[in-house]
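The residues making up each chain are set out below.
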There are 2 protein chains.
Amino acid sequence: MTTPAAFAATTALMAEPPRAAMLQALLSGEAMTAGELARVAGIGAPAASAHLARLVEGGLVTVHPQGRHRYHRLATEDVAAAIEMLGGLADRVAPPRRWPHGEAFRTARLCYDHLAGRLGVALHAGLVDRGWMAPAPGGWAPTPAGEAHLADLGVDLAAARSARRLACDCMDWSERRAHLAGGLGRELAACCLRRHWVSRLSGQDGGDALARRRLTITPEGARRLGDAFGFRLQP
Amino acid sequence: MTTPAAFAATTALMAEPPRAAMLQALLSGEAMTAGELARVAGIGAPAASAHLARLVEGGLVTVHPQGRHRYHRLATEDVAAAIEMLGGLADRVAPPRRWPHGEAFRTARLCYDHLAGRLGVALHAGLVDRGWMAPAPGGWAPTPAGEAHLADLGVDLAAARSARRLACDCMDWSERRAHLAGGLGRELAACCLRRHWVSRLSGQDGGDALARRRLTITPEGARRLGDAFGFRLQP
DNA sequence: CCTGTCCTTCGTCCTGGCCCGAAGCGCGCG
DNA sequence: CGCGCGCTTCGGGCCAGGACGAAGGACAGG
C-alpha cells in the first residue's frame, strides 16, 4: 500500500472523463495512436497529447513510436484489472443510464489481452474443476493433464510461459468472480480468436470506447469450448 | 461498464489525498466518526464534512448517526476491493518511498471485514485444495465436508449465509492472487479474531491510516490454522 | 526538396474544486 | 434549562489543471 498522496496521484490519472475514455478504449488491448484517442475522448489534439503524457509519466500507459505515429497501450495487466474493477464499481454504485452494450457485454469481452465475462469465468472454473490448473506460487499453474488438453486445443504453452506471470486471477466485475489472466489467459484468448471460436465486432470505431472490446461466441466456439470445459452458456 | 463520465465521477471521489486517506482508514472495516476521519486526513472539520458528504452522495460510504456522532463506513465490499486494488497499483506503478509498515503488512491484514495478505490467500488456497469449497454461481460455496470442518473450527456458517454474497474472490494486491471475501470470509476472520489466532495491533490511532489494518498471527493461530489448512507461513 | 500529416510545445483563458474562518443546528450532560 | 461538543452550512480566497488556437518539430511520399 502507499501513502494517501501517491494513491491519490495514481487514481487521479483515471479520474478525468477524457482520460477515462482513453483508458476504457485501451482496455481492448489494442494499441492506439494519439489521434484516435483524441477522437475517442472527444477533445482536441493538444489536450489529448497532454493527457497521454501524464498517463505515460504516471506509468499507466506505454508508448511505441512508429514512424510519425505514436502507438499507446496499457502498461501492465494490473492497470487493466484496476480499470475493469473501477468500471464495475461505478456501474453498481451510481447506476445512471446504462451503456448501450448492456447484456451482450457481459457474455464475452476482452479484458486487456484475455477473456472476460461469463465466458471468461466459465473457462476459469472449468480449468479448476477438471484439475487442469492448480494453485501455485503467484497464482496458478497448469497440471500435466491440463498441459496436454490445452496443447490439444491449440494453446501455445511456450508463449504463455514467456509472460511475466503464467496464470493469475483477475476480478470480473460483471460476474463478481475471477477469470484467468497472465500468459495463459492471453494465449487462451489468442487461441480462441485464431480458431474463430470467438470474434470481435467488425464494426466501425469512433466515439464508442467499448465496442472494440465486445466479443461474440461463434456456434463452433460454443460447441468446442463447451465440450472441452464442460459448460453450456445460456444466452 | 459505464460511460467515461460516470467512471470518472466515481473515480474522482478517491482521487484526492484527504479522501484517499479517509478511505484507506475505513478499509480496516471499523466505523469512524467525522472528527476522527478529519484527523486522519489532516484537514479541518468543515473540509472533512464536505468530503464525507460527497463520498456518501457517491455511494462509497454510508453513515450511521448515533447521538451527536456520525459513524462512517465503507458502503460495500466492492468499494473495499477497489481501494485495495488501487493501492496495489499505485504501489507498483509509482514506487516512491514505501509506507512504514512494509513486509508486516503483506503477511496478514484486514481487507474491509475479511483476511488478506499471505494468510488470506493461503486460507483461500487451502479451502480449494482440500475440497472444502467448490465453484458455485456467484462465487464459491462450501462443500459438505467443508461445512463440517469449518463448523468444527468455530466458523458461524449461519451468519455467513445471511450475507449478500456467501463467498467470492477478492484480489489481493500484495500477493496478486485471490483471497476470500463474502459472508464466509467475514465469519472466518471473525472466528480468527475471536479465538485469538490473529490479533490487531493495540496501538494508538492517529495520523496512521493503515496501522489499524495490520494483524499479527499468534503462535496458537499459526499452529491451528496451519494444521487445519495445511500450510506453513514462512515469516 | 517541398508538402501534407501527425504530434507536441507554448501562451492564454477560465472553470471547478479545495481550504479555512465564522456562524448555525442538534444532541447529551450537568 | 443552559452550556459544551460534534458536525454542518455559508462566504470568500486561492490555485491546480483542463481546453483551445497558433506555432514548431519529425517523418513519409512525390
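What counts as what
Residues numbered from 1 in each chain as written. Chains lettered and ligands numbered in written order. Predicted model: local features only at pLDDT ≥ 70, side-chain atom pairs only at ≥ 80, totals over all residues. Heavy atoms only, no water. Helix = DSSP H or I, 4+ residues; strand = E, 2+ residues; numbered from the N terminus. Buried < 20%, exposed > 50% of the residue type's maximum accessible area, 1.4 Å probe, protein only. Contact = heavy atoms within 4.5 Å. Least-squares fit on C-alpha atoms with pLDDT ≥ 70 in both. Arc of directions from axis to C-beta.

K.L.:
So what's going on with the environment of Glu-77 of chain A? Residues and values would help.
P.N.:
All names here are of chain A. Mapped onto the secondary structure, Glu-77 falls in helix H5 (residues 77-93). For Glu-77, a relative accessible area of 15% puts it in the buried group. Distance from Glu-77 to Leu-27, taken between C-alpha atoms, is 9.7 Å for residues 50 residues apart in sequence. Aside from chain neighbours lying at most four places away, what touches Glu-77 is Tyr-112, Asp-113, Arg-165, Cys-168, Ala-181, Gly-182 and Gly-183.

K.L.:
Go over the relation of the copies chain B and chain A, please, and point to the residues and values.
P.N.:
When chain B is fitted onto chain A, the two copies agree to an RMSD of 0.0 Å after a turn of 180° and an axial shift of 0.0 Å. The superposition of one copy onto the other is thereby described by a two-fold rotation axis.

K.L.:
Residue-level account of unusual backbone geometry, with values.
P.N.:
A positive phi angle, near 65°, is found at Tyr-112 of chain A, a position not held by glycine. By the element assignment, Tyr-112 of chain A lies in the loop between strand S4 (109-111) and strand S5 (114-116). Relative accessible area serves as the criterion here: at 12%, Tyr-112 of chain A is assigned to the buried category. One non-glycine residue, Arg-176 of chain B, lies in the positive phi region at around 55°. Structurally, Arg-176 of chain B is set in the loop between strand S8 (168-172) and strand S9 (177-181).

K.L.:
Tell me about helix H8 (residues 144-153) of chain A, residues and numbers included.
P.N.:
Residues and elements named next belong to chain A. By the burial criterion, the buried members of H8 are Gly-146, Leu-150 and Leu-153. Taken down its axis, H8 places every buried residue within 55° of arc, on the same side. Across from the buried face of H8, at angles greater than 90 degrees, the exposed residues are Pro-144 and Asp-152. Where H8 is buried, its residues contact helix H7 (117-129), strand S7 (139-142), helix H9 (157-161), helix H10 (182-194) and helix H11 (219-229). Immediately downstream of H8, the backbone of Gly-154 shows phi near 110°, a positive value.

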